[in-house]
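Here is what each chain is made of, one letter per residue.
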Amino acid sequence: MHADTASPSRPRATRRTSRRRRLWLVLPLALGLALLLGGCSVDASTAANGTPSVQVSMNGANAPATPTSASGSSASSSSTNSALEILALLTVLSLAPSIIMMVTGFTRIMIVLSFLRSGLGAQQVPPNQVIVGIALFLTVFVMAPTWQIINDTAVTPYSQGKITQQVALDRAQVPLRDFMFRQTREKDLSLFVYLAKMPLPKTQADVPTYVLIPAFILSEIKTAFQMGFLILLPFAIIDLVVSTSLMSVGMMMLSPTVVSLPFKLLLFVLVDGWGLVVRSLVLSFH
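These remarks concern the structure in this document. All residue numbers here refer to positions counted from 1 along the written sequence of the relevant chain. Where local features are concerned, this predicted model is filtered to residues with pLDDT of at least 70; where side-chain atom pairs are given and counted, the filter is 80 or more; whole-chain, interface and lining totals use all residues. Side-chain numbers here rest on the full set of heavy atoms in the structure, without hydrogens or water.

## Side note on the packing of helix H4 (residues 106–120) against helix H10 (residues 273–283)
Here is step 1 of the chain: Between H4 and H10, the least distance of the axes is 11 Å, while the angle of their chain directions is 155°. One way to sum up the angle between H4 and H10 is to call them roughly antiparallel. Seen from above, H4 lies across H10 with right-handed handedness. Residues Arg108, Ile109, Val112, Leu113 and Leu116 of H4 form the contact with H10, whose participating residues are Trp274, Val277 and Leu281. Axis lines are fitted to C-alpha atoms, over the contacting stretch for helices. Their N-to-C directions set the angle, which ranges from 0 to 180 degrees. Counting from the N terminus, the helices are the DSSP runs of H or I reaching at least four residues and the strands are the DSSP runs of E reaching at least two. For classification purposes, an angle smaller than 35 degrees is called roughly parallel, one larger than 145 roughly antiparallel, one from 65 to 115 roughly perpendicular, and anything else oblique. The hand of a helix crossing depends on one turn: near helix anticlockwise from the far one by less than a right angle means left-handed, and clockwise means right-handed. The criterion used for residue contact is that any of the two residues' heavy atoms lie within 4.5 Å.

Next comes the structure, spelled out in structure tokens:
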């Protein structure tokens, strides 16, 4: 009789022990999940009937949204402005070679030096890197007074915080526009004013920069071709004389270029051709 009454209580005690063990196993797992999720709360409680339970609540999911403050909006707007300034700077840097070629004397110098190499008849002498290097440093030499004015009136005051960025850009345009106006023909400027369908400007200040730049480029190409013609003319005469001489003696199988190249190089060195070409290029900008 004692054995029969004790037997039902024994499974109940066993079930309670197993529930407690499960609770101690679930608690570490719930705490670890709460730490990973952040903002979670774990509640371990025992129901009225003695059954343990674990509740995990997500505080962050139901948390009320915090309104954005004025300082946060100003910080976001300033970060946006900084990003736009960086983007504009990268764009200018990527277009820097084109800007140097289009608004300085690089185009004229490069075309004239290319005509000179073509007139000499040497295919890759001087190499392209040498031609570009000479044109670049001659451009720096020619544009040095203009860049000095830009540095004194715009770059230095802006770096010292005395003027704003817009004022610095306006000041930097003035000497560069003066340089382009001195090298631009009136005919070319009138052409682009007509193409822009704008009223006739009365002063240089009335001419927009987007009209001045293509007119300046067109004038530079015309001047470069005129100088190139004067450079090619003596070399063409030498080629003609050599070709006629070879035909008169019956040596038609011999290429005139092979014979005329040493004579052209000798003439170019004797008259100090490089000095004359560089002198003519620099003086053509003044």
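## A word on unusual backbone geometry
Here is step 1 of the chain: Phi is positive for Lys197, which is not a glycine, with a value near 55°.
Here is step 2 of the chain: In this fold, Lys197 is placed in the loop between helix H7 (186–195) and helix H8 (209–248).
Here is step 3 of the chain: Unlike most non-glycine residues, Asp272 shows phi in positive territory, near 55°.
Here is step 4 of the chain: For Asp272, the location among the structural elements is in the loop between helix H9 (256–270) and H10.

## Remarks on the nonpolar core
Here is step 1 of the chain: Here, the term nonpolar core denotes a set of buried Ala, Val, Leu, Ile, Met, Phe, Trp, Tyr and Cys residues that are joined through side-chain atoms within 4.5 Å. Buried, partly exposed and exposed residues are distinguished by accessible area as a fraction of the type maximum, computed with a 1.4 Å probe on protein chains only: under 20%, between the cut-offs, and over 50%, respectively. Ile109, Val112, Leu113, Phe179, Met180, Val277 and Leu281 are the most contacted members of the largest nonpolar core, which totals 40 residues.
Here is step 2 of the chain: Per element, the largest residue contribution to this core is 9 residues, and it comes from H8.

## Observations regarding H7
Here is step 1 of the chain: Those residues of H7 that sit buried are Asp188, Leu189 and Val193. For H7, the buried positions fall inside an angular range of 140° around the axis, keeping them on one side. In H7, those exposed residues whose orientation departs by more than 90 degrees from the buried face are Lys187, Tyr194 and Leu195.
Here is step 2 of the chain: Those residues of H7 that are buried are in contact with helix H6 (165–183) and H8.
Here is step 3 of the chain: A positive phi of about 55° marks Lys197, the residue just after H7. The arc in question is traced by the directions running from the helix axis to the C-beta atoms.

## A look at the layout of surface pockets
Here is step 1 of the chain: Of the voids in this model, the largest pocket is the one considered here, and its volume is about 1,100 Å³.
Here is step 2 of the chain: Along its surface, the largest pocket is lined by 25 residues, and Val92, Ile99, Ile150, Leu169 and Ala172 are the ones closest to its centre.
Here is step 3 of the chain: Top contributing element to the lining of the largest pocket by residue count: H6, with 8 residues.
Here is step 4 of the chain: Under the convention adopted here, Pro, Cys and the residues Ala, Val, Leu, Ile, Met, Phe, Trp and Tyr are nonpolar, Asp, Glu, Lys and Arg are charged, and Gly plus all remaining residues are polar. Within the lining of the largest pocket, the residues separate by chemical class into 19 nonpolar, 4 polar and 2 charged. Points on a 1 Å grid over protein atoms alone make up a cavity when a 1.4 Å probe fits among them but cannot get out, and a pocket when they form an open set with protein on both sides within 12 Å along at least five of seven lines; lining residues each have an atom within 4 Å of a point. Grid points are joined across faces, edges and corners, and a volume is the space filled by probe spheres set on the points.

## As for a nonpolar patch on the surface
Here is step 1 of the chain: On the surface, Ile100, Leu136, Phe137, Val140 and Trp147 cluster together into a nonpolar patch covering about 460 Å² of accessible area.
Here is step 2 of the chain: Topologically, Phe137 is positioned in helix H5 (residues 128–159). Patches in this entry comprise residues that are over 30% relatively accessible and not in a salt bridge; like charges within 9 Å are linked, as are nonpolar side chains (Val, Leu, Ile, Met, Phe, Trp, Tyr) within 5 Å. For the area figures, the Shrake-Rupley method with a 1.4 Å probe applies, and any residue is considered shielded solely by the protein chains shown. By definition here, a salt bridge exists when the distance from a side-chain nitrogen of Lys or Arg to a carboxyl oxygen of Asp or Glu is within 4 Å.

## Quick notes on the side chain of Glu220
Here is step 1 of the chain: With respect to the helices and strands, Glu220 occurs in helix H8.
Here is step 2 of the chain: Polar contacts, as used here, are pairs of N or O atoms within 3.5 Å; protein pairs need one atom able to donate a hydrogen and one able to accept it. Residues neighboring in sequence count only if both atoms are side-chain atoms. Reaching out from Glu220, the side chain makes a polar contact with the side chain of Arg108 at a distance of 2.5 Å.
Here is step 3 of the chain: In this view, Glu220 contacts Thr104, Gly105, Arg108, Gln183 and Phe285; residues no more than four positions away in its chain are not counted.

## With respect to the pattern of salt bridges
Here is step 1 of the chain: Scanning the model with the defined rule gives 3 salt bridges in all.
Here is step 2 of the chain: Asp188 is the partner of Lys222 in a salt bridge, and the nearest nitrogen-oxygen pair spans 2.8 Å. One end of the pair, Lys222, is in helix H8; the other, Asp188, is in helix H7, and 34 residues separate them in sequence.
Here is step 3 of the chain: Taking relative accessible area as the criterion, Lys222 reaches 33% and is therefore assigned partly exposed.

## Observations regarding H8
Residues three or four positions apart in an α-helix share a direction because the helix packs 3.6 residues into each turn.
Here is step 1 of the chain: Take the number of residues in a helix, subtract one, and multiply by 1.5 Å to get its expected span. For H8, with 40 residues, the first-to-last C-alpha span of 58 Å sits near the 58 Å given by 1.5 Å per residue.
Here is step 2 of the chain: Note that the bend at a residue is defined as the angle between axes fitted to the seven residues ending at it and the seven residues starting at it. Along H8, the sharpest kink reaches roughly 30°, centred on Leu232 and followed within four residues by the proline Pro234.
Here is step 3 of the chain: One or two positions beyond H8, positive phi appears at Gly250, with a value near 85°.

## Regarding the packing of aromatic side chains
Here is step 1 of the chain: By convention, a stacked pair of Phe, Tyr or Trp rings (six-membered ring in the case of Trp) has centres within 6.5 Å and planes under 30 degrees apart, an edge-to-face pair has planes over 60 apart, and any other such pair is tilted. The full count for this structure, using the stated rule, is 5 aromatic pairs.
Here is step 2 of the chain: Centre to centre, the rings of Phe115 and Phe225 are 5.2 Å apart; their planes meet at 80°, and the pair counts as edge-to-face. With Phe115 in helix H4 and Phe225 in helix H8, the pair connects residues that are 110 residues apart, well separated along the chain.
Here is step 3 of the chain: Taking relative accessible area as the criterion, Phe225 reaches 48% and is therefore assigned partly exposed.
Here is step 4 of the chain: Each ring, one from Phe235 and one from Phe268, has its centre 6.3 Å from the other, and the planes form 45°; the classification is tilted. In this pair, Phe235 is assigned in helix H8 and Phe268 in helix H9, connecting sequence segments 33 residues apart. Considered together, Phe235 and Phe268 belong to a single accessibility category, that of buried residues.
Here is step 5 of the chain: Members of the aromatic cluster, connected to one another through ring pairs, are Phe179, Phe216 and Phe285.

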